[in-house]
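Summary of structural features
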Amino acid sequence: MTVSRPVATGTVRVVLPGVLRELADGAAELTVPLGGGSLTVRQCLDAVAADRPELGRRLRDETGALRRHVNVFVDGADIRSRDGLDTPLQPGAVVHVLPSVAGG
């Protein structure tokens with residue numbers, strides 16, 4: 001799977017915050033094709049990491065698990081309250097990747 005920018009039918013949009021855009025050549029959004037018609041968050045992030053390995057390493061650890069400071073939402077719902085990385089994605093889904101904000 002390759003990651004491209006134009007939005008088309010049968011794709012998923014991955015929205016990146018400003019802090020991660022430098023790892024995606026400045027892109028605010030990436031588009032991932034659904035391929036065979038179904039895709040999970042894990043497969044979506046695999047596709048992103050294949051095209052942008054540094055971004056992939058920032059999102060997930062060596063085992064493929066989301067890093068603790070990374071939150072992923074699909075159509076507004078936290079994947080941790082759904083099926084985690086195995087959350088299915090529908091055509092047109094929007095995946096938001098948000099790093100946790102810490103402060104004191």
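Report follows, based on the coordinates.

Thresholds applied
Residues numbered from 1 in each chain as written. Predicted model: local features only at pLDDT ≥ 70, side-chain atom pairs only at ≥ 80, totals over all residues. Heavy atoms only, no water. Salt bridge = Lys/Arg side-chain N within 4 Å of Asp/Glu carboxyl O. Helix = DSSP H or I, 4+ residues; strand = E, 2+ residues; numbered from the N terminus. Buried < 20%, exposed > 50% of the residue type's maximum accessible area, 1.4 Å probe, protein only. Contact = heavy atoms within 4.5 Å.

A separate point is the pattern of salt bridges. It is possible for side chains bearing opposite charge to pair when their charged atoms get close. Under the counting rule described, the total for this entry stands at five salt bridges. Across the pair aspartate 25 and arginine 52 runs a salt bridge whose closest N-O atoms are separated by 3.9 Å. Taken together, the residues span a long stretch of sequence, with aspartate 25 in the loop between helix H1 (18-21) and strand S2 (29-33) and arginine 52 in the loop between helix H2 (41-51) and helix H3 (53-59) at a distance of 27 residues. Here arginine 52 falls in the buried class, since its relative accessible area comes to 13%. Between arginine 60 and aspartate 46 there is a salt bridge whose closest N-O contact spans 2.6 Å. Residue arginine 60 is located in the loop between H3 and strand S4 (70-74), and its partner aspartate 46 is located in helix H2; the two are separated by 14 residues in the primary sequence.

Located in the positive-phi region is aspartate 25, a residue other than glycine, with phi close to 55°. Assessed through its relative accessible area of 63%, aspartate 25 is described here as exposed. Phi is positive for aspartate 75, close to 50°, though the residue is something other than glycine. Tracing the backbone shows aspartate 75 in the loop between S4 and strand S5 (77-78).

Further remarks concern H2. Buried residues of H2: Val41, Cys44, Leu45, Ala47, Val48 and Ala49, and no others. The inward-facing, buried residues of H2 abut strand S1 (11-15), S2, strand S3 (39-40), H3, S4 and strand S6 (88-89).

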